[in-house]
Amino acid sequence: MGRLLGGALSGLELRPLSSASLHERPNLELVTLIVKRFFSRRCSLLLLVLAGCGALPAFGARTAVRNYTARDGLPQAQVTAICQDPQGHLWVGTESGGLGRYDGHRWDVFDASTGLPASQVSTLALDTKGTLIVGTSGGAARFVEGRFVAVKTTSGTTESPSKITAILADEEGRLFLGTRTGLLMAAEPDAEALKVSGPDWLADSGIEALTADGAGGLWVGTTRGLARLEPSGPPRLTAVPGLPEGSVTVLLRRAGHPLLVGILDAGLFEGEPGAWKRIGTDEAPGRRITALRAESGEPDAVWIGTSGRGAFRWRGEALERFGPHEGLPSLLVYAIFEDQEGLLWFGTEGGLTKKGPSAFLTFDQSDGFPAGAAIFGMAESTDGSLWYTAWESGLLRIGRDGSRRLFTRADGLPDDRVTDTAADPAGGVFVATRRGLARIDGDRVSLVPLPEEAPVHIRALFPLPDGALVVTAGARRAWLLRGANATELAAPVGIVVTAVCAARDGTIWYGGEGWGAVGLKPGRAPEVLSRAQGLPSNQVTSIFQDGSGRLWVGTDRGAFCREPNGKTRLLDRRTGLPDSFVYWVGEDREQGIWFGTNHGAARLDAKNTIDVYTARDGLGADECNEDGFLVDSKGRVTIATIGVSLFLGRPRPRRSIDPRAEIGEVLVEGRTVHGFAHRLLPPGSDPITFRFAALSFIDEHAVRFRYRLVGLSEAWSETAPGQFEITYGGLGAGSYEFQLKAITVDGRTSREAATAPFAIRPVWWRSRTVATGALLGLLVLAFAVVRVREERLVNARRKLEREVAERTDELRGVNERLAALAVTDELTGLANRRRILESVSEALAFARRRGTPLSIALADLDHFKLVNDTMGHAVGDRQLFRASRAMQAVLRTEDLLGRYGGEEFLAVLPGTDLLGALAAAERMRSAVAGLVQEEGAPGRPLVSSVSIGVASLDDTGGALDAAELIRRADGALYRAKALGRNRAAAYGDDAL
């Protein structure tokens, strides 16, 4: 479990276990993994820092990846070109969907219908003034003041218009356009682009790539090889010898480095005329190079895009692949771009991919973890080794030197189904399995005997200062293990124990399935925590006491917290957690409280701010595992999913620039107003909605905004994360200015506010001219009219707010009624057939995962057809309703009864074995038999009895599915009917 327990147990003082006392030497196993991960990248300086002081890297080796598709607003999945303008907008060209502009919240799409020369975009570039130039299949255009202006090309030839394949605007103001039939050049931005001459063999060559040589010249990639435009003399192309024949698809020039040339079907080459060498092999990066991009801050690092092999990062002699395994949606990469914050963008055949810094460093199969195995319990032993329980795969040890060993049944473990592990203060670790308990010391595995009455399925281990607390499945007891000796402890309430915690005051808290939690302390009555005491659910998954003395209880419906002063609170999805099913609760060295849920992890800081982390932030998977939290001796947080994820802190961009807030669309009375700034609005313009975005892409959906409307209030307000609009209503006449600042997820804030000044014109009778020439009486009247008008505006605003609230409540009520109707039987008010069948499947999966009992009971009203045939369906319906209410009244709150069909009812009994299920069935039968009978035919009362069949999931779980379990219950029901009805029978047993 990785948690430290303190208090007193059966008179024995249990002091908090000190990390320093257990770990006298530095813990280097995770550092070793990081070193090996980074070694292939030759991050020598970072390795020295890690080896010297154990510090974590500034950025994880595996970055967070997000893919954008048409569902996100992308014009089309085939992304051919990427660019960013000086304001920060990301521009994305597509194969046939036009051009998309992204501001971090929404996509604006431009195509042939909005002024683009054609919807097929092949290339993008910026000139020296930052103006966007777009190359399409119908020519080139500049984006000037919100519209596209066509670039003039040679008239009277096939180049007007022509498909533009490459664009370059050099520092001298010249514009070069590559086409399928040659190179065009415009000496000035607004001049006509003329064709550049060349040798005969280049006369009809298509231009594929352009790059400046840094000296005023130009390297030109053509369909027939590499050419060069000299910096002086008349514009003329000359051939560059020494390269293999083929189409030069991409070029990259870096200061102080040789030219990089990608040749179709030949590969990537580096060098200069007369001295070329090939980079890589046919496997990596291959022969079809489609994109090249130098990485800022790493002059030796280059990103390579390919057709069919994904992307590669090349540095020195090392090639690191970025493909589908790392999150790239397609192996065909058209474009690679690095934005102003240092985030990498990849245009592929399957969409747009963003590769940014990660909050986690994840280790999985490639780092020695069993393939596809979910990691549950984790522990750190006194020798500095880290231990990970891999379900159905054994126990993995990662030593201080980075060595790995997987212990399985072949090494002496009782079973490969390992459920938990705990460090022994005397050295080594205890290992819990489904078939017994073991201890590993060094490489030696030995079995730990438990009392004969203890079940062999070990549910969990909990470390104590001088041993471990052992909890087994299906028993009401627990044992304290010291070496080879086991001492039985006081019995908790409930059959299945899933959580335990030793509080500071000596209370031992147990939690379980279906009965809540109980605190036991010698000499004191048990203290119960259940739904009656405020728990959101009796399904307890974890119990934890933090450094402030707060008791946390994790359940399937949220995390319950009890303060030392007795106050309570609940954290769930409604209060900021990613999901209400909480698997574990833990605390880091900075007193941050962590929660593991079905849809990510969350951290609660001292300011009650909740940060959520998911796979988008680098977490191995969104679903956390039981006992999957560990704070090691260095204070580092590890979370277990598929593999384990080491927390690095909130991600920060490669370049920390101030985010720019942008006010986009403004709506007045529901209609978009173009050119809103400095607009004079008529009186009564209401409401006014401002929509905005932050031009930062590190984590767009977590950005927050500060805003104010000067003229209404001088105080700043703040939006919730991901809120991108604000609405004002009831504004009176006057001058206003809406001001906006952006706050990124890593805390960067806009220096300057985006502003939108505007004014609302007063009504005519409040103008200065009329007021000056009016008599005093008219002024008094005008004042009265103003007051009436202002009151109307206030009332209108209140009416609008009231109507919105009423409509919201009405919609909420309709949704709640629809949700209830979808899962409720109309006649009995019980769960309908669909809902009860879903409940059987859910309960069966839950029972298998926890190793808990599960039973179902199938009930059928006896001789019910006779009631319908003789008395009519109205009487039959009333009999069904009375019987269902009687059976439901004798079941527990955690049991679920539903109408299976006709006169049949199905009860799901979680945490109940076969004997308990038969007892529940007998209560149901007695309840129906005890109903006050109504009169049937004259002189003959209606028969009121029920037959019930019971089936249970055995201890091992078997291979039963929901259908088979119901079939068995149906067989038992058939047996009860055959034996005379009005009784309960179990599957495979004689009727009772």
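Residues numbered from 1 in each chain as written. Predicted model: local features only at pLDDT ≥ 70, side-chain atom pairs only at ≥ 80, totals over all residues. Heavy atoms only, no water.

**A closer look at the overall build of the protein chain**
Next up, step 1: Secondary structure assignment for the protein chain yields 10 helices and 72 strands.
Next up, step 2: In the protein chain, the share of contacts with a sequence separation of at least 24, taken over all contacts with a separation of at least 6, comes to 53%.
Next up, step 3: Accessible surface for the protein chain amounts to roughly 43400 Å². Of this, 51% is attributable to carbon and sulfur atoms. (Helix = DSSP H or I, 4+ residues; strand = E, 2+ residues; numbered from the N terminus. Contact = heavy atoms within 4.5 Å. Areas by Shrake-Rupley, 256 points an atom, 1.4 Å probe, with all protein chains shown as cover.)

**Re the packing of aromatic side chains**
Next up, step 1: A full pass over the atoms with the stated rule returns 36 aromatic pairs.
Next up, step 2: Aromatic pair Phe360 and Tyr613: ring centres 5.6 Å apart, planes at 90 degrees, arrangement edge-to-face. Here Phe360 is found in strand 31 (residues 360-363), whereas its partner Tyr613 is found in strand 55 (residues 610-613), with 253 residues between them in sequence. For the pair formed by Phe360 and Tyr613, the shared burial category is buried.
Next up, step 3: Note on Phe705 and Phe724: the rings are 5.8 Å apart at their centroids and 70 degrees apart in plane angle, and the pair reads as edge-to-face. Here the residue Phe705 occupies a position in strand 63 (residues 704-710), and Phe724 occupies one in the loop between strand 64 (717-718) and strand 65 (725-728), the gap between them amounting to 19 residues. The two residues Phe705 and Phe724 agree in class, both being buried.
Next up, step 4: Site record: aromatic cluster; members linked through ring pairs are Phe676, Phe690, Phe692, Phe705, Tyr707, Phe724, Tyr728, Tyr736, Phe738 and Phe758.
Next up, step 5: Over the face of the ring belonging to Tyr900 we find Arg833, whose NZ or CZ atom lies 4.4 Å from the ring centre. (Phe/Tyr/Trp six-rings, centres within 6.5 Å; stacked < 30°, edge-to-face > 60°. Buried < 20%, exposed > 50% of the residue type's maximum accessible area, 1.4 Å probe, protein only. Lys NZ or Arg CZ within 6 Å of the ring centre and 35° of its normal.)

**Notes on the sheet that holds strand 19 (residues 237-239)**
Next up, step 1: An order of 16-17-18-19 is seen for the 4 strands of this open sheet, with the pairing classed as antiparallel. Among the strands making up the open sheet, the edge pair consists of strand 16 (207-212) and strand 19. Across this sheet, the average inter-strand angle for adjacent strands is 30 degrees, counted without regard to direction.
Next up, step 2: Two strands pair when backbone bridges link them, and strand 17 (residues 218-222) and strand 18 (residues 225-229) are joined in this way by 5 bridges, in the antiparallel orientation. Each residue of the ladder has a partner; that of Thr222, found in strand 18, is Gly225. (Pairing = 2+ DSSP bridges. Axes fitted to C-alpha atoms, helices over the stretch in contact; angles between N-to-C directions.)

**Concerning the pairing of strand 6 (residues 99-102)**
Next up, step 1: Of the strand pairs in this sheet, strand 5 (residues 90-94) and strand 6 are connected by 4 bridges, and their pairing is antiparallel. Within strand 6, the residue paired with Gly93 across the bridge is Leu99.
Next up, step 2: Where strand 5 folds back on strand 6, the antiparallel hairpin that results is connected by 4 residues, among which Gly98 adopts a positive phi of roughly 90 degrees.
Next up, step 3: In this sheet, strand 7 (residues 107-110) lies alongside strand 6 in antiparallel orientation, the contact comprising 4 bridges. Its bridge partner lying in strand 7, Leu99 is registered against Phe110.
Next up, step 4: In this structure, the hairpin formed by strand 6 and strand 7 is closed by a connection of 4 residues, where Gly104 is found at a positive phi of approximately 100 degrees.

**Considering the pattern of salt bridges**
Next up, step 1: All told, the structure shown has 60 salt bridges when counted by the stated rule.
Next up, step 2: For Arg254, the salt bridge is made with Glu270, and the minimal N-O distance between the two is 3.5 Å. Of this pair, Arg254 sits in the loop between strand 20 (248-252) and strand 21 (259-263) while Glu270 is found in strand 22 (residues 267-272), placing the two residues 16 residues apart along the sequence. Just as Arg254 is buried, Glu270 falls in that class too.
Next up, step 3: Arg550 serves as the salt-bridge partner of Asp546, at 2.7 Å between the closest nitrogen and oxygen. (Salt bridge = Lys/Arg side-chain N within 4 Å of Asp/Glu carboxyl O.)

**Notes on the packing of helix 7 (residues 864-871) against helix 8 (residues 873-889)**
Next up, step 1: Closest axis-to-axis distance for the helix 7/helix 8 pair is 7 Å, and the angle between their directions is 145 degrees. Contacts from Phe864, Val867, Asn868 and Met871 of helix 7 reach helix 8 at His873, Val875, Gly876, Gln879 and Leu880.
Next up, step 2: When the residues that make up the contact of helix 7 with helix 8 are grouped by side-chain class, the tally is 5 nonpolar, 4 polar and no charged. (Nonpolar A, V, L, I, M, F, W, Y, C, P; charged D, E, K, R; others polar.)

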